[in-house]
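Listed below, chain by chain, are the residues.
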Amino acid sequence: MIRSRVPRRTAGVGLGALSALIEVPYVVLATPLLAIPAARPRVFRGARRLAEIERARLQRFLDASNGDDYDGRRALQYLVPRGLTGLLALGVWVCIGAGGVAGALYFVQLVTGRAPGGTGDGTVVDWLPVVTLGAIAVFLCVQGLIGVAALDRRLARRFFGPSSQELLRRRVSELATTRSEVVEAVNGERRRIERDLHDGVQQRLVALGVLLGRARRAQDADRAAELVRQAHEESQEALRELREVSWRVYPIALDESGLEAALESLAERATIPVDLRYALDEPSPELATVVYFVASESVTNAVKHANATKITIDVRRGEIEITDDGCGGAKVGTSGGLSGLARRVAAMDGEFSVHSPENGPTVVRVTLPCE
């Protein structure tokens, strides 16, 4: 990757040096024409065309994508420092060319055993200063190319960057998207709670009612006692499932004891070993809720779907990472628990990612803005 990037960026700096030979004369000749009102549109139009060529060069060779939210006046303002930067790049290339010619001549003299300059026989002491200066020159030329590339990207970001109106428009669009995603995530949570209540707690209560009804109708005292015992066990299971559902809705420990205590309780209730590493000051309630539900959903998925034998929850400032040693293959789809988590995290301006190759391990990583 790096090897292919170096020649591409070097070529990009070289093309920038050549484009400066057009941009500098254009700026010099076109700027006086701004005094003529009728000529200004053409001047700005030409400046924008040159600027678009530069944007294409930067994106193709220097991996710098910039917005097109700028006018011709701003394009002309950009061409002034861009032209000077291109001339600087041209100077670096001239030095490289001169150094290459000098290096070739010195190499011939070194191979033939002559001293630097071609007079007399050369020794190691004669060639040591030349080699040292050549290494310094190569280093300076490489740094010059790197510096010109960085300056090129910075200038483009300064002049082609989105305006305040464009930034506001993007932010409004982002907020509208995240709001709709949060609404969908909440609806998904409601549907899942309804399924848990219907398929779990409700079925337990129905079974409890059936057992109690059979116990009332039983004629044999031993049979009635056995049915009451079964009903008691069924009521305990119903209470356990109801407690699990309530924890998935919102764990009261978050309000009473904080995030760390809630995660410790989550680790204790898990059916497989969970290693909790917590190094975070108590966050805001909103952030704590997101972190908890990310951990809870990840643990649930690892237990139910990944056949994991161990889970690690690592919570630190700005990031939470959950790793399990399960079978892998987890993906963030358009629906499901992981997609709901992704929408929750997006609503907090965070980043959500899942790395889950086949045969594992699965790593769920969430980056959240620090308070």
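Located above this text is the structure these notes cover.
Note that the structure is a prediction, hence the values are computed from the model and not measured.

Regarding a nonpolar patch on the surface
Piece 1. On the surface, L15, L18, L21, I22, V80, L84 and L87 cluster together to form a nonpolar patch covering roughly 630 Å² of accessible area.
Piece 2. Breaking the nonpolar patch down by element, the ones donating at least two residues are α1 (2-30) and α3 (72-111).
Piece 3. The biggest single contributor to the nonpolar patch is α1, with 4 residues.
Piece 4. Note that L84 resides in helix α3.
Piece 5. Exposure remark for L84: the relative accessible area of 56% places this residue in the exposed category.

Some details on the pattern of salt bridges
Piece 1. Enumeration according to the criterion identifies 17 salt bridges in this entry.
Piece 2. R229 is paired through a salt bridge with E226; the nearest N and O atoms lie 2.4 Å apart. In this pair, R229 and E226 are both assigned in helix α6 (residues 221-249), 3 residues apart and thus about one turn of the helix distant.
Piece 3. Judged by its relative accessible area of 28%, E226 falls in the partly exposed class.
Piece 4. Of the charged contacts in the structure, one is a salt bridge between E233 and R229, with a shortest N-O distance of 2.5 Å.

Some words on a negative patch on the surface
Piece 1. On the surface, E260, E264, E268, D281 and E282 cluster together into a negatively charged patch.
Piece 2. Of note, E268 is situated in helix α8 (residues 259-269).

Quick word on the packing of helix α2 (residues 40-61) against α3
Piece 1. Their axes nearest at 8 Å, the elements α2 and α3 cross at an angle of 60°. Our classification of the angle between α2 and α3 gives oblique. Judged by the twist between their axes, the crossing of α2 over α3 is left-handed. On α3, the residues touching V43, F44, A47, R48, L50, A51, E54, R57 and L58 of α2 are G72, R73, A75, L76, Y78, L79 and R82.

The rules behind the values
Residues numbered from 1 in each chain as written. Predicted model: local features only at pLDDT ≥ 70, side-chain atom pairs only at ≥ 80, totals over all residues. Heavy atoms only, no water. Patch = residues over 30% accessible without salt bridge, like charges linked within 9 Å, V, L, I, M, F, W, Y side chains within 5 Å. Areas by Shrake-Rupley, 256 points an atom, 1.4 Å probe, with all protein chains shown as cover. Salt bridge = Lys/Arg side-chain N within 4 Å of Asp/Glu carboxyl O. Helix = DSSP H or I, 4+ residues; strand = E, 2+ residues; numbered from the N terminus. Buried < 20%, exposed > 50% of the residue type's maximum accessible area, 1.4 Å probe, protein only. Lys, Arg positive; Asp, Glu negative; His and termini not counted. Charge placed at Lys NZ, Arg CZ, Asp CG, Glu CD. Axes fitted to C-alpha atoms, helices over the stretch in contact; angles between N-to-C directions. Parallel < 35°, antiparallel > 145°, perpendicular 65-115°, else oblique. Left-handed = near helix turned anticlockwise from the far one by under 90°. Contact = heavy atoms within 4.5 Å.

Interpretation in functional terms is not warranted from these geometric data alone.
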